[in-house]
Amino acid sequence: MFHFFNCAILTFGPHAVYYSATPLSEYDTLGTSVKTAVVYLVTALVKLVCLATFLKVSESDMFDPSQELLKALIGFIDVAGLYFALTQLTHRNISQNHKFQAVGLGWAFADSVLHRLAPLWVGARGLEFTWDYILQGLEANANLMLSLSLAALGSLMWLRKNKPKTLIPIIYACAGFVATMPSITSYLRWGLGWHLPEVVGFQLFTSLIMALVSWQLFSACQKPSA
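Presented here is a report on the structure given in the accompanying data block.

1. Comments concerning the environment of Ala-140
Mapped onto the elements of the fold, Ala-140 is located in helix α6 (residues 132-158). Ala-140 sits in the buried class, given a relative accessible area of 0%. It is 6.2 Å that separates the C-alpha atoms of Ala-140 and Ser-112, two residues lying 28 residues apart in sequence. Once you skip the residues sitting within four places of it in the chain, Ala-140 turns out to touch Thr-11, Ser-112 and Arg-116.

Encoded structure:
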């Protein structure tokens, strides 16, 4: 049980820390994050229906390029969900800066609850110690940074009108890379045979780089054009 609580704090704690340590708590953006979490659940349901409809059931864990390509295309439903959360949801009078953070935080928290809470509850309370759930918590931290990065890039693509034209291709390229991260990690795991610690390390490194790049792009677009 102690191991379960440690892994749960590692998985879900950073979301609470981010909310309380940033101006999001001061501007009462919790409602925006909750609405985004509901949008994520609807998006996940649509993705599940599409995966069940169009993907063939594989009898082995071998990497299938055609199936993974189809998974990547279905994965772009997440981008549509983020677009709806950023542009169609009613928000309080908060700035664009706080809006994308609230949306990204709600998106990442809903993803962690949906995909990691049940495995933690069932597996982390076992008598035998395993690193899998600690790695799962680290993976949730990487996903938090990637969700915030994708929300920031989406905010620049869909809400920021007067952004420098030279940055537009970079913004779209970075957004496409972040959106296809699940397929990239799947290829590393099943196509190249990477072990879980190596995949999680790659996710942490990549998420940190993309967070820095997204922050620089967002800061550059905030500057008044000459």
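2. Points about the nonpolar core
In this structure, Phe-100, Leu-153, Leu-156, Ile-171, Val-178 and Leu-217 are the most contacted members of the largest nonpolar core, which totals 29 residues. Elements represented by at least two residues in this core include exactly α2 (30-54), α4 (77-87), α5 (96-123), α6, α7 (168-179) and α9 (196-222). Here this core gets seven residues from one element, more than from any other, and that element is α6. Those residues within four positions of Leu-156 in sequence are excluded, and the remaining contacts are Gln-96, Lys-163, Ile-171, Leu-217, Phe-218 and Cys-221.

3. Brief notes about the packing of aromatic side chains
This model, assessed by the stated rule, comprises seven aromatic pairs. Judged by centre distance (5.0 Å) and plane angle (90 degrees), the ring pair of Tyr-83 and Trp-158 falls under edge-to-face. Of the two residues, Tyr-83 is situated in helix α4 and Trp-158 in helix α6; the sequence distance between them amounts to 75 residues. Classification of Trp-158 as partly exposed rests on a relative accessible area of 23%. Look at Phe-100 and Phe-218: their rings are 4.9 Å apart centre to centre, the planes differ by 50 degrees, and that puts the pair in the tilted class. Linking Phe-100 in helix α5 with Phe-218 in helix α9, this pair joins segments that are 118 residues apart in sequence.

Each value, and the rule that gives it
- Here the residue index of a chain counts from 1 through its sequence in written order.
- With the structure being a predicted model, the display of local features is reserved for residues of pLDDT at least 70 and the display and counting of side-chain atom pairs for 80 or more, all residues being used for whole-chain, interface and lining totals.
- Each side-chain value is worked out from all heavy atoms of the structure, with water and hydrogens disregarded.
- The helix count covers DSSP runs of H or I at least four residues long, the strand count covers runs of E at least two residues long, and both are numbered beginning at the N terminus.
- Each residue gets one of three labels from its accessible area relative to the maximum for its type: buried under 20%, exposed over 50%, partly exposed in between, using a 1.4 Å probe on protein chains only.
- Contacts are residue-level and defined by heavy atoms, with any inter-residue pair within 4.5 Å sufficient.
- Here, nonpolar core means buried Ala, Val, Leu, Ile, Met, Phe, Trp, Tyr and Cys residues that are tied together by side-chain atoms lying within 4.5 Å of each other.
- Between 30 and 60 degrees the pair is tilted, below 30 it is stacked and above 60 it is edge-to-face, where a pair is any two Phe, Tyr or Trp rings, Trp via its six-membered ring, whose centres lie within 6.5 Å.

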